[in-house]
Amino acid sequence: MSEEILQDGDVVVRAHGALRRITLNRPQALNAITLDMVTTMTALMRQWASDPAVGAVMIDGAGGRALAAGGDIRAIYDAAKAGDDLPARFWANEYRLNVLIARYPKPVIAIMDGVVMGGGVGLSAHASHRIATERSSVAMPEVAIGFFPDVGVSYLLARAPGFVGTHVALTGSRLNAADAIYCGLADVHIESAKLAALPDALADCRTAKAVSTRLFDISSVAPDGRLEADRRMWIDSCYSTDDIETIVQRLHDAKFGAAHVAGVLMLKGSPTSLNITLRNLRSALSFERVEESFQQDYRISLACVAAHDFIEGIRAMIVDKDRKPLWRPDTLAGVTPDIVERHFKPVGDLELKFED
């Protein structure tokens, strides 16, 4: 038996015993996340952190097609074109919410059913309990719009087996449940038909161990993925370098068709985005705390919105939909060290800070 405790249109909150369930409620937009939604979720989770009546938090999406397909990119585009500071405010608040989830003192269960991209990965991949289903399609395809895989995902992908994380970030490949689990973005596979029973099953859970036990009881082996096999065959050998042009050449020279496809996908993306994504990944491996990754992501995000490729990529892929972005520079060779470096420079008073 559930009790609805909040309905503001884009966020629905219910109580199931000690469980609080946040449902993103923009199904017509694949639950794309807005600043108002971030603000609402942050306030609720801060309140529940010290509320003895709350044992755990679950995050899912309405409509059955997506947890969240990302942030509201069109709103960011319109604001950037108008000179509004919405992009900076959105990312600052979104990243703080993601870190709140990562550091939450109570179990956070993320239901990664359907499309999970961009901001949807930020809400789910840092949770303590991450559930994928046979319908999961998890990806960070930002290089295709002149951006980069943000929301702290580089911290996780840098720690994936071998160079699987590099492949995922540079190609934007869609991952099924098995692949998401293998590369560290999900924990367990549960059939979508069993999701409706989860709130009641978790209603009395107050510890991570209790949640894990309940989830394990209804979990099953995920359908086969490709990442583990591809890693052995070609991923590690192709991506084990810090030079994008070398990676592309290795993919081209590989004897596997999947490697050639990966190379083609990469070359469709922004050359600048590919370079900053690779550097972000490599540096994230040295970070001791996930907050460091978010701080670096924020610097890169501000640089991207002030440059050419991000706005051009959104125009081509989402606004005009001609799918013909005009990147500047338009070749990998044209991306100089100075272009890459400007995305990583400190931003002074704008540096992202987190509460202790």
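Shown above is the structure to which this text applies.
From a predicted model like this one, the values you see are computed outputs, not experimental measurements.

The rules behind each value
- Residues numbered from 1 in each chain as written.
- Predicted model: local features only at pLDDT ≥ 70, side-chain atom pairs only at ≥ 80, totals over all residues.
- Heavy atoms only, no water.
- Buried < 20%, exposed > 50% of the residue type's maximum accessible area, 1.4 Å probe, protein only.
- Helix = DSSP H or I, 4+ residues; strand = E, 2+ residues; numbered from the N terminus.
- Contact = heavy atoms within 4.5 Å.
- Pairing = 2+ DSSP bridges.
- Axes fitted to C-alpha atoms, helices over the stretch in contact; angles between N-to-C directions.

Re helix H2 (residues 73-82)
Okay, so step 1: Along H2, the residues classified as buried are Ile76, Tyr77 and Ala79.
Okay, so step 2: Tucked inside the fold, the buried residues of H2 contact helix H3 (86-102) and helix H15 (309-319).
Okay, so step 3: Looking one or two residues past H2, glycine 83 carries a phi angle of roughly 80°, positive in sign.

Quick notes on the sheet that holds strand E5 (residues 66-68)
Okay, so step 1: Across the sheet, 3 strands lie side by side as E5-E7-E9; this open sheet has parallel pairing. Because the sheet does not close on itself, it has two edges, and the strands there are E5 and strand E9 (137-139). Averaged over all pairs of adjacent strands, the angle between strand axes in this sheet comes to 15°, irrespective of strand direction.
Okay, so step 2: Sheet analysis places strand E7 (residues 115-117) next to E9, joined by 3 bridges and oriented parallel. Note that in E9 the partner of methionine 117 across the bridge is alanine 139.

Remarks on the pairing of strand E8 (residues 129-132)
Okay, so step 1: Burial of the side chains of E8 extends over both faces: His129 and Ile131 are buried on one face and Arg130 and Ala132 on the other.
Okay, so step 2: Relative to E8, strand E6 (residues 108-112) is paired through 4 bridges, and the arrangement is parallel. Residue alanine 110 lies in a different strand from E8, and its bridge partner there is arginine 130.
Okay, so step 3: Pairing of E8 with strand E10 (residues 188-189) involves 2 bridges; the strand directions are parallel. Residue pairing in the sheet places isoleucine 131 in a bridge with valine 188 of E10.

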